Amino acid sequence: MRHYVIVGILVIVAAVGTYAGLHAVGLMPVEASAQAAPIDWLWNLEVITISFLFALIIVPMVYSLVVFRRKKGDNTDAEHIEGNTTLEIAWTIIPLIVVVIFAYLGAYSLGETRRVDPNAMVIKVTGFQWGWQFEYPAYGGFKSDKLYLPADKQVVLQLQALDVIHSFWVPEFRVKQDLVPGRITEYRITPSLIGEYKVRCAEICGTSHAYMEAPVVVVDQAAFDTWAKDQQVAAAQAEANATPEQKGEKLYQTYCKACHSINGTAGNGPTWLGLFGHEVELADGTSVTADEAYLTQSIKEPQSQVVQGYSPMAFNPAAVGIGDAEIGYLIAYIKTLK
Ligand SMILES: [Cu+2]
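Residues numbered from 1 in each chain as written. Predicted model: local features only at pLDDT ≥ 70, side-chain atom pairs only at ≥ 80, totals over all residues.

**Some words on the overall build of the chain**
To keep things clear, this is the line we draw: Counting from the N terminus, the helices are DSSP H or I runs at least four residues long and the strands are E runs at least two residues long. A radius of gyration in this sense is built from C-alpha atoms; the matching globule rule multiplies 2.2 Å by the number of residues raised to 0.38. Exposure is read from a count of other C-beta atoms within 10 Å of each residue's own; the residue is exposed at 12 or fewer, buried at 20 or more and partly exposed in between. C-beta atoms are placed from the backbone.
Helix and strand counts for the chain come out as seven helices and 12 strands. The C-alpha atoms of the chain give a radius of gyration of 30 Å, which is well past the 20 Å a tight globule of 338 residues would have. Overall size of the chain, expressed as C-alpha extent along the three principal axes, is 95 × 55 × 30 Å. Considering the chain as a whole, with its 338 residues, one finds that 21% of them fall into the buried category.

Below, the structure is given as structure tokens:
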């Protein structure tokens, strides 16, 4: 009996110690969304259970090793034990109940994180190799490379992938959602903490996957309205005033920068420095002068003429709405890169 009492007390002490230790490590980043609350609550309950189970296994084991070790000169056999039906039933039934309870709590928390607010603001999110773009249809459809969100208001992100599977993940929001080519997936979030975070792609998607990040800025409603109105006005003005070269540069910054440098270094695709007017060697052994016709063709039908030493361009500019006018701007911009 004495052993049971001692082990019981040690199990409780070790469980509390383990939980306190895990808690002190700070396993989770700050909680910055309403959806994070049920997730963190469940996670905490799991850590408590894990701490207790850990103590329940480790303490009796270490206690037995120390207290019941063979005394010097004792060469007798240990007691022969056939089994213990009560114990076996108990350690089958109790974990079963615990697992069923956790399954219920898991389903419940999942439901909580998906609660729909019919007034949620829609933001269109495009993920591509290797970057993010955010579009605000509620404010004239301006595009941004930062995700601004108002605090305490649900937004629904409509996620679209242009090439391969990506995954939208802001650890502080907890919830994560894949972007699947050919389909629009939804991600609902109610940011609850003003601050700056980062969205990162959580699905390995090629060479520069690790750099597929974008800032996420949560501000109060008033600051958000100001920002959105400013962006809307700026977008309209930029559209009206920009020279073709500037429009081309903007397109380049948004869509092409990940693979094409403008400083002469080769990336996933050839550099654009000095491209216009140069002889380009193609994979089929022929060569061609990089004039308007060739560049237009390369952008319109990326697979038609493949540059020597590169795999065909996996990005399809037409998929992001790059048509004849935009190609004109891009070529005007490429011409400036001498
Ligand atoms: Cu990705």
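Back to the write-up after that little detour.
**Focus: the pairing of strand β1 (residues 121–128)**
In regular strands, side chains alternate between the two faces of the sheet. This is how it is decided: Two strands are said to pair when DSSP picks up at least two bridges between them.
Strand direction decides the pairing type here: β1 and strand β5 (residues 155–161), joined by seven bridges, are parallel. Counted as the bridge partner of Thr126 is Gln160 from β5. As judged from the five bridges shared by β1 and strand β2 (residues 131–136), these two strands associate in the antiparallel manner. The residue bridging Gly127 from the neighbouring strand is Trp132, located in β2. If you look at the hairpin formed by β1 and β2, you'll find two residues sitting between the two strands.

**A word on the domain arrangement of the chain**
Rule in force here: An automatic or database domain assignment provides the domain bounds reported here. Working definition of a contact: two residues with C-beta atoms, positioned from the backbone, lying within 7 Å. Gly counts as polar in this scheme, as do all residues outside two lists: the nonpolar Ala, Val, Leu, Ile, Met, Phe, Trp, Tyr, Cys and Pro, and the charged Asp, Glu, Lys and Arg.
When cut into domains, the chain gives domain 1 (2–64 + 86–113), domain 2 (121–240) and domain 3 (242–336). Between domain 2 and domain 3, the contact holds 12 residues from the first and eight residues from the second. Contributions of two or more residues to the side of domain 2 that touches domain 3 are made by β2 and α4 (221–241). Broken down by class, the residue content of the side of domain 2 that touches domain 3 amounts to four nonpolar, five polar and three charged.

**Remarks on the environment of Ala214**
The topology assignment puts Ala214 in strand β10 (residues 213–219). Ala214 gets classed as buried once you count the C-beta atoms within 10 Å, which come to 20. Placed 100 residues apart in sequence, Ala214 and Arg114 show a C-alpha to C-alpha distance of 24 Å. Sequence-distant contacts of Ala214, that is, excluding residues within four places in its chain, are made with Trp132, Asp145, Lys146, Leu147 and Val199.

**Brief notes about the packing of helix α1 (residues 2–25) against helix α2 (residues 36–67)**
Just so we agree on the cut-off: Axis definition: a line fitted to C-alpha atoms, over the contacting stretch in the case of helices. Angles run 0 to 180 degrees between N-to-C directions. Put simply, angles under 35 degrees are roughly parallel, angles over 145 are roughly antiparallel, angles from 65 to 115 are roughly perpendicular, and the rest are oblique. In this scheme the handedness of a crossing depends on how the near helix is turned from the far one: anticlockwise by less than a right angle means left-handed, clockwise means right-handed.
For the pair α1 and α2, interaxial distance at closest approach is 8 Å and the crossing angle is 135°. One element, α1, and the other, α2, form an angle in the oblique class. Crossing geometry of α1 relative to α2 is assigned as right-handed. From α1, Val7, Leu10, Val11, Ala14, Ala15, Thr18, Tyr19 and Leu22 reach across to α2, where they touch Val47, Ile48, Ser51, Phe52, Phe54, Ala55, Leu56, Ile58, Val59, Pro60 and Tyr63. A class-by-class count of the residues in the contact of α1 with α2 yields 17 nonpolar, two polar and no charged.

**Quick word on the sheet that holds strand β4 (residues 147–150)**
Sheet strands pair via backbone hydrogen bonds, and the direction of the pair is either parallel or antiparallel. Spatial strand order, β4-β10-β9-β6-β7: five strands in an open sheet with mixed pairing. In the strand order of this sheet, the two ends are held by β4 and β7 (176–179), each with one partner. Each neighbouring strand pair of the sheet contributes to a mean axis angle of 25°, computed without reference to strand direction. Pairing between β4 and β10: four bridges, direction parallel.

**With respect to the confidence of the model for the chain**
Low-confidence regions, as indicated by low pLDDT, have predicted coordinates that should not be scrutinised in detail. Here is the rule: pLDDT is a per-residue confidence score from the predictor, ranging from 0 to 100.
In the predicted model, the chain carries a mean pLDDT of 92, and 100% of its residues have values of at least 70. When mean pLDDT is compared element by element in the chain, strand β6 (residues 166–169) scores highest at 96, while α4 scores lowest at 88.

**Notes on the sheet that holds strand β8 (residues 185–189)**
Reading across from one edge, β3-β2-β1-β5-β8 is the order of the five strands in this open sheet, with mixed pairing throughout. Strand pairing shows two members of the sheet lacking a second neighbour, β3 (142–144) and β8, which therefore form its edges. Within the sheet, the average angular offset between the axes of one strand and its neighbour, ignoring direction, is 25°.

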